[in-house]
Amino acid sequence: METRVRFAPSPTGHLHIGNARTAILNWLFARHTNGKFILRIEDTDPERSVEEYIDQILQDLRWLGLTWDEGPEIGGECGPYRQSERLEIYQRYAQKLMDEGNAYFCYCTPEELEQMRKESHARGEAGFYNRRCLHLTDEERQQFIAEGRKPAIRFKVPDNSEVIFNDIVKGELRFETENISDFVIMRSEGIPTYNFAAVVDDGLMKISHVIRGDDHVSNTPRQVLLYQALGFEMPQFAHIPMILGPDRTRLSKRHGATSLDQYRLKGYLPEALINFLSLLSWSSKTGDEILSIKRLIEEFDFERVSKSAAMFDFEKLNWMNGQYIRSADLERIVELAKLYFRAAGYPVEDESTIQKIVAVTREKIETLDQIVDVARIFFQEKITIKDTNAKEMIRLDSSQKVFWSFLRKLREIDVLDRENFKEIMKSVQKETGVMGKNLWMPLRIALTGQMHGPELPVTAEIFGKEKCEMLIERAIFK
Ligand code: GLU
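I will try to describe carefully the structure that is included in this document. (Residues numbered from 1 in each chain as written. Predicted model: local features only at pLDDT ≥ 70, side-chain atom pairs only at ≥ 80, totals over all residues. Heavy atoms only, no water.)

## Regarding the overall build of the protein chain
The condition is simple: Strands here mean DSSP runs of E at least two residues long; helices mean DSSP runs of H or I at least four residues long; both are numbered from the N terminus. Computation of the radius of gyration draws on C-alpha atoms alone. For the globule rule, the value is 2.2 Å times the number of residues to the power 0.38. Only protein chains enter the area calculation, which uses a 1.4 Å probe; residues under 20% of their type maximum are buried, those over 50% are exposed, and those in between are partly exposed. Pairs of residues are marked as contacts when any of their non-hydrogen atoms sit within 4.5 Å. Only the protein chains shown count as covering a residue, and every accessible area follows the Shrake-Rupley method with a 1.4 Å probe. The charged-residue count follows a simple rule in which Lys and Arg add positive charge and Asp and Glu add negative charge, with His and chain termini not counted at all. One atom stands in for each charge, and that atom is NZ of Lys, CZ of Arg, CG of Asp or CD of Glu.
Counting its secondary structure elements, the protein chain contains 21 helices and 11 strands. In terms of overall dimensions, the protein chain is more spread out than a globule: its C-alpha atoms have a radius of gyration of 32 Å, far above the 23 Å expected for 478 residues. Taken along its principal axes, the extent of the C-alpha atoms in the protein chain is 105 × 45 × 40 Å. The burial tally for the protein chain puts 52% of its 478 residues in the buried class. Summarising the internal contacts of the protein chain: among those between residues at least 6 apart in sequence, 73% fall at separations of at least 24. Summing over all exposed atoms, the protein chain offers an accessible surface of approximately 23,200 Å²; the carbon and sulfur share of this is 48%. Distance from the positive charge centre (66 side chains) to the negative charge centre (75 side chains) of the protein chain: 5 Å.

Here's what the structure looks like:
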């Protein structure tokens, strides 16, 4: 049977990093099995769904490179793929459940329900709905209608039974129906609840595997009951353990960025995020950490999905992103870096210089936004040495000797490049007897104002002979 999986975001905010992980795992599984990845927008909550978030989520998914086979914008056999366009379908299936005695109108008001909830809590019960509306007489019903009450529809949970399902990640899970109250499937405004709409859609869209975060485990028994009552084939469930922050509490804003677009803006590459987020719940047999998308697709397997919660290690993500930035096509990183340079007011017209700057500075960064700071030395008008150690260092006798010697040799050449820079350094070392840190650091400070930075010979090449000459002269007279 063909694998059909879905990612079903609710457009109530930006795409959360945890949901992005869910999307990625679904997508990897679909691609691994040559199946279909379906995108469905769960926008039935009119108060919380925002149109702009739909566009944003689609954009985020596209940016990650997760292409869907059916869904908004491209359609498919089981559309429409926005729940707000499927209301008639839910109404039809709710009617079917009513006709078959598996659902009933509930006229209770919010106040009455609140009262009921209090009473059942006082008795120490888990489920609170007392089934008043299951047993209404015709008179009572007429009375409610006359009062203008609009009914919701409740599902009639079978008595004294057990819901058992086998979760691919968590194993067998069992729930007693006595702990599940008759729940609302259609609100009085004719809008389905999440549990109902999800089951109708997963059934009609022939979803074979429901892969989602384990915060949905508690919804699953209700959904299983609905599958059974609707006569849909049950998908397999895979509930993925949640993501924790470094302090082992649920990942939240306190720990750092939580929405995918924040990561994009900071300059994480999509393939780094895919790699990192995949490894949060899964590991490769080989133990390799850097895995191309091709390998992730080839190797993805539920056998290796972890049963315990994953910790979001920001340092590891940064390290990984740095690796991807360095190994990516230079042209691509140049284009991305230009966005940050422009925002910082750096001129980007000189293509070949920008290329050189990006090539040398990308070695020093883990996120693309850091390139602005590392590359500042190439755009600053004037050098100010802030660090007192640096100030002291250039005033040392040995440093001044190095500057004089370097300057003389620099004046002898026409064009400075990384190779003859290294040659000059060698002969400065010979001439002055100064070496190692005492040789290189003063020059770095003289040229950039800083004690650390991108590779010095390349930096000097980008500056060019004249600028280097001028900067060293200044360091001499300081
Ligand atoms: N719209 C739900 C959510 O975003 C989907 C849950 C599911 O995958 O069933 O949490």
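## As for the nonpolar core
For soluble globular proteins, the rule of thumb is that nonpolar side chains tend to be buried together. The test is simple: Throughout, nonpolar core names a set of buried Ala, Val, Leu, Ile, Met, Phe, Trp, Tyr and Cys residues whose side chains join them through atoms within 4.5 Å.
Phe312 and Phe341 are the most contacted members of the largest nonpolar core, which totals 109 residues. Of the residues forming this core, the biggest block, nine residues, is contributed by helix H1 (residues 17-32). In this structure Phe312 touches Ile17, Ile243, Leu244, Pro246, Leu251, Tyr263, Phe276, Leu277, Leu280 and Leu317, once residues within four positions along its chain are discounted. Formed by 36 residues, the second largest nonpolar core is a distinct cluster that contains Phe155, Leu173, Met205 and Ala229.

## Things to note about the pattern of salt bridges
This is how it is decided: A carboxyl oxygen of Asp or Glu within 4 Å of a side-chain nitrogen of Lys or Arg is what we treat as a salt bridge.
In the structure shown here, the tally under the stated rule is 41 salt bridges. In this structure, Asp369 and Lys266 form a salt bridge, with 3.1 Å as the shortest nitrogen-oxygen distance. With a gap of 103 residues between them, Asp369 in the loop between helix H13 (351-361) and helix H14 (371-374) and Lys266 in helix H8 (residues 260-266) connect regions that are remote in the sequence. Salt bridges sharing partners connect three or more residues here, namely Arg6, Arg40, Glu42, Arg86, Asp201 and Asp202.

## Overview of the layout of surface pockets
Our working definition: Both cavities and pockets are sets of points on a 1 Å grid over the protein atoms alone; in a cavity a 1.4 Å probe fits but cannot get out, in a pocket the set is open with protein on both sides within 12 Å along at least five of seven lines, and lining residues sit with an atom within 4 Å of a point. Grid points are joined across faces, edges and corners, and a volume is the space filled by probe spheres set on the points. All residues other than Ala, Val, Leu, Ile, Met, Phe, Trp, Tyr, Cys, Pro, Asp, Glu, Lys and Arg, Gly among them, are scored as polar; the first ten of these are nonpolar and the last four charged.
The computed volume of the largest pocket comes to approximately 720 Å³. Taken together, 30 residues line the largest pocket, and the ones lying closest to its centre are Gly18, Asn19, Thr22, Asp215 and His216. The greatest single-element share of the lining of the largest pocket, amounting to five residues, is contributed by H1. For the lining of the largest pocket, a count of residues per class yields 11 nonpolar, 11 polar and eight charged. What lines the second largest pocket is a set of 17 residues, and nearest its centre among them are Cys108, Pro110, Leu113, Ala152 and Ser188. Looking at the lining of the second largest pocket, the elements that each hand over two or more residues are helix H4 (110-122) and strand S4 (152-155).

## Observations regarding the environment of Ile57
Mapping Ile57 onto the fold places it in helix H2 (residues 51-64). As for Ile57 and Pro9, which are separated by 48 residues in sequence, their C-alpha atoms are 8.2 Å apart. Among all residues touching Ile57, those that are not within four sequence positions of it are Pro9, Ser10, Pro11, Gly13 and Leu15.

## A look at helix H17 (residues 397-411)
Basically, it comes down to this: For a helix, the expected span equals 1.5 Å multiplied by the residue count minus one.
Over its 15 residues, H17 extends 21 Å from the first C-alpha to the last, a length consistent with the 21 Å expected when each residue adds 1.5 Å. Burial in H17 covers these residues: Ser399, Gln400, Val402, Phe403, Ser405, Phe406, Leu407, Lys409 and Leu410. Those residues of H17 hidden inside the fold are in contact with helix H16 (388-395), helix H18 (418-432), helix H19 (437-448) and helix H21 (465-476).

## Thoughts on the site of the ligand
The line we're drawing: If even one non-hydrogen atom of a residue comes within 4 Å of a molecule or strand, that residue is called near it. We define a polar contact as two N or O atoms separated by no more than 3.5 Å, with the added condition that, inside protein, one atom must be a possible hydrogen donor and the other a possible acceptor, whereas residues neighbouring each other in sequence contribute only through side-chain atom pairs. The rule for placing a molecule in a cavity or pocket is simple: more than half of its atoms must lie within 2 Å of the grid points.
Taken together, the neighbourhood of the ligand is formed by Arg6, Ala8, Ser10, Glu42, Tyr194, Arg212 and His216. Between the ligand and Ser10 there is a distance of 2.8 Å, counted from a nitrogen atom to a side-chain nitrogen or oxygen. Within the side chain of His216, a nitrogen or oxygen atom sits 2.8 Å from an oxygen atom of the ligand. For the ligand, the protein covers 84% of the area, taking 300 Å² as the surface of the free molecule. The pocket occupied by the ligand, as judged from atoms lying within 2 Å of grid points, is the largest pocket. Of the residues belonging to the shell around the ligand, the class tally is two nonpolar, two polar and three charged.

## Some remarks on the state of the cysteines
Applied cut-off: Note on disulfides: each one is a pair of cysteine sulfur atoms within 2.5 Å.
In total, this model carries zero disulfides according to the counting rule given. Here Cys108 is not disulfide-linked; the sulfur of Cys133 is the nearest cysteine sulfur, at 3.6 Å.

## Considering the pairing of strand S1 (residues 4-7)
Definition in use: Note: two strands are recorded as paired if DSSP finds a minimum of 2 bridges between them. Note on handedness: a crossover is taken as right-handed if, strands pointing away from the viewer, the path from the first strand over the helix to the second is clockwise.
Of the two faces of S1, the one carrying Arg4 and Arg6 and the one carrying Val5 and Phe7 are both buried. Two elements, S1 and strand S2 (residues 36-39), share four bridges in a ladder whose sense is parallel. Residue Phe7 lies in a different strand from S2, and its bridge partner there is Leu39. Handedness of the β-α-β unit built from S1, H1 and S2 comes out right-handed.

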